[in-house]
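# Summary of structural features
So you can see what is in the structure, the chains are spelled out below.
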Amino acid sequence: MRAWGLGKVFGMAGLALFVGCWRGPGPAVEPAPVTVQVLPAAATLTAGKTVAFAARMDDGPAQDVAWSVLEAGGGRVDGAGTYRAPANPGVFTVRAQFKDAPGLTAAAKVTVVAPPAGEIIAPPRGTPLEGQTASIEPVSGSQYHWTITGGEITAGTDTPAVSFQSGTGPKVVLACRVTNAAGDVLNSSLELPVASRVTLAIRPAAVTLTAERTMKFGFDLAGGTTLGTTWSLGEPGAGSVDASGNYVAPPVPGRYTVRVSSVDDPSVVSTATVRVVAKPPESLFAPDSFKPGAEGLRARVPELAGMTYAWEIEGGTITAGAAAPSMVFEAGPGPALTLRCRITNQAGDSFAAVKVLKVF
């Protein structure tokens, strides 16, 4: 009885041990999710430049990837992930599709910016010890750094516009280092001659001239680096002027302008006013013959505004209108009578009209 009891006890203990070690079926173990990405995840690039993207899967390089750009006109990308930016700035998306993991994609954002602009806009010359300004057309996101040789920067060293003062010459050199948002650099410079400020005055400043007459204008010029000038007319039909200031008035009376400008500083201009007047008329109307002693005879010339008239007579007597376009006279005893009228315009040009009358 005891032996059987001990075996039964040990048998039950062994069964309990076996049951305690066997767990049976449990919950399924799910595989870790696949991770995909494009590196770099974001890039800033100058228009027309390239950048290489890499696709990764589970922290390793992806082997089979289809690349594309989502936006129309957003540039292009080749099969190796090399992206070329378009000519126009903008924000675009480069996408990678993973053929080993269908349905999975990753993308990178590309910001395309304009190239750095560096054309320096400045006065045509530096003025000794005077404040002046220069500038570059600003591009959003760009950084600027100005330097100067032959002068001093007074404000705006790190801005698109700079204030400076030239030295005493003979030149000043402005330089600006422009860096756009993509990190591309443009070094721009401009050399200016240094000279005193230009002053210019035309001579004469006003003139009255007979139609189609010529005259030469002069000028007084100081400052600048040369004595160069450019001549021009202010209105169509104002006549003509050559490179030396020789002017020919037009045939039509009126008011016109002649201009002279400095070659060193074209903004410095001096203007003369030209009043063009008609030529004195050359016609004289009077009887062809006369009776000795006749009275109340008349003679005339064309009447034009601004003209002056001076009559003279030989072989008779002026009775009225000696300084008018129309004159009254009486004849002498003969045998001939001569009429003269000097007509003078406002330009001082004159013509002497003459007519000889015979006795009948």
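Residues numbered from 1 in each chain as written. Predicted model: local features only at pLDDT ≥ 70, side-chain atom pairs only at ≥ 80, totals over all residues. Heavy atoms only, no water.

### Quick notes on the overall build of the chain
In plain terms, the rule: Secondary structure is summarised from DSSP: a helix means a run of H or I of at least four residues, a strand means a run of E of at least two, and numbering begins at the N terminus for each. Note on classification: 1.4 Å probe, protein chains only; a residue is buried when its accessible area is under 20% of the maximum for its type, exposed when over 50%, partly exposed between these limits. The contact definition used throughout considers only heavy atoms, calling two residues in contact when any of these lie within 4.5 Å.
Summing up its helical and strand segments, the chain has one helix and 33 strands in all. Seen through its principal axes, the chain has C-alpha atoms that stretch 200 × 50 × 30 Å. Considering the chain as a whole, with its 360 residues, one finds that 33% of them fall into the buried category. Sequence separation of at least 24 residues holds for 55% of the intrachain contacts in the chain that already meet a minimum separation of 6.

### Details of the sheet that holds strand 26 (residues 269–277)
Rules: Criterion used throughout: strands pair if DSSP finds at least two bridges between them. Lines fitted to C-alpha atoms define the axes here, with helix axes fitted over just the stretch in contact, and angles between the N-to-C directions of these axes take values from 0 to 180 degrees.
Sheet architecture is open: four strands sit in the order 19-26-25-22, paired in mixed fashion. With one partner strand each, in any of the chains shown, strand 19 (206–210) and strand 22 (229–233) form the two edges of the open sheet. Direction aside, neighbouring strands of the sheet carry axes that sit 25 degrees apart on average. The pairing of strand 25 (residues 254–262) with strand 26 spans eight bridges and is classified as antiparallel. Considered in strand 26, the bridge of Val258 is made with Ala272.

### Structural notes on the pairing of strand 9 (residues 90–98)
Sheet analysis places strand 6 (residues 65–69) next to strand 9, joined by five bridges and oriented antiparallel. Across the sheet, Val65 pairs through a bridge with Phe98, a residue of strand 9. Strand direction decides the pairing type here: strand 9 and strand 10 (residues 105–113), joined by eight bridges, are antiparallel. Counterpart to Val91 in the pairing with strand 10 is Thr111. Hairpin connection, strand 9 to strand 10: the antiparallel pair is bridged by six residues, and Gly103 has positive phi, about 90 degrees.

### Observations concerning the confidence of the model for the chain
Filter applied, for reference: Confidence scores here are pLDDT values: one per residue, from the predictor, ranging 0 to 100.
Here the chain shows a mean pLDDT of 91. Residues at 70 or above account for 91%. Low pLDDT, under 50, characterises residues 1–24; the predicted model gives this stretch zero contacts beyond four residues in sequence or across chains.

### Section: the environment of Ile120
Structurally, Ile120 is set in strand 11 (residues 120–121). With residues near it in sequence (within four places) discarded, Ile120 still touches Ala134, Ser135, Ile136, Trp146, Leu174, Ser188, Ser189 and Leu190.

### Thoughts on the pattern of salt bridges
What counts here: Only one rule defines a salt bridge in this text: a Lys or Arg side-chain nitrogen within 4 Å of an Asp or Glu carboxyl oxygen.
Enumeration according to the criterion identifies ten salt bridges in this entry. Here Lys99 ties to Asp64 by a salt bridge, and the two come within 3.9 Å at their closest N and O atoms. Of the two residues, Lys99 sits in the loop between strand 9 and strand 10 while Asp64 sits in the loop between strand 5 (60–61) and strand 6, which places them 35 residues apart along the sequence. Notably, a salt bridge pairs Asp288 with Lys355, separated by 2.9 Å at the nearest N-O pair. Placement of the pair is Asp288 in the loop between strand 26 and strand 27 (289–290) and Lys355 in strand 33 (residues 350–359), with a sequence separation of 67 residues. A residue is classified by how much of its surface remains accessible, and Lys355, at 18% relative accessible area, is buried.

### Focus: the sheet that holds strand 7 (residues 76–77)
In sheet architecture, strand pairing relies on hydrogen bonds along the backbone and comes in two forms, parallel and antiparallel. On the basis of which strands lie adjacent, the open sheet formed by three strands has the order 3-8-7 and antiparallel pairing. Strands at the two margins of the open sheet, each flanked by one partner only, are strand 3 (50–52) and strand 7. Bridge count between strand 3 and strand 8 (residues 82–84): three bridges; the pairing is antiparallel. The residue bridging Thr50 from the neighbouring strand is Arg84, located in strand 8.

### Overview of the nonpolar core
Generally speaking, nonpolar side chains in soluble globular proteins are found buried as a group. What counts here: Here, the term nonpolar core denotes a set of buried Ala, Val, Leu, Ile, Met, Phe, Trp, Tyr and Cys residues that are joined through side-chain atoms within 4.5 Å.
The biggest cluster of nonpolar side chains holds 24 residues, and the ones touching the most others in it are Phe53, Trp67, Tyr83, Val94 and Phe98. Elements supplying a minimum of two residues to this core: strand 2 (42–46), strand 4 (54–57), strand 6, strand 9 and strand 10.

### So, the environment of Val359
Note on placement: Val359 falls in strand 33. Each C-alpha atom of the pair Val359 and Pro333 lies 8.8 Å from the other, and the pair is 26 residues apart in sequence. Excluding anything up to four places from it in sequence, Val359 contacts Ser289, Phe290, Pro292, Gly334, Pro335 and Ala336.

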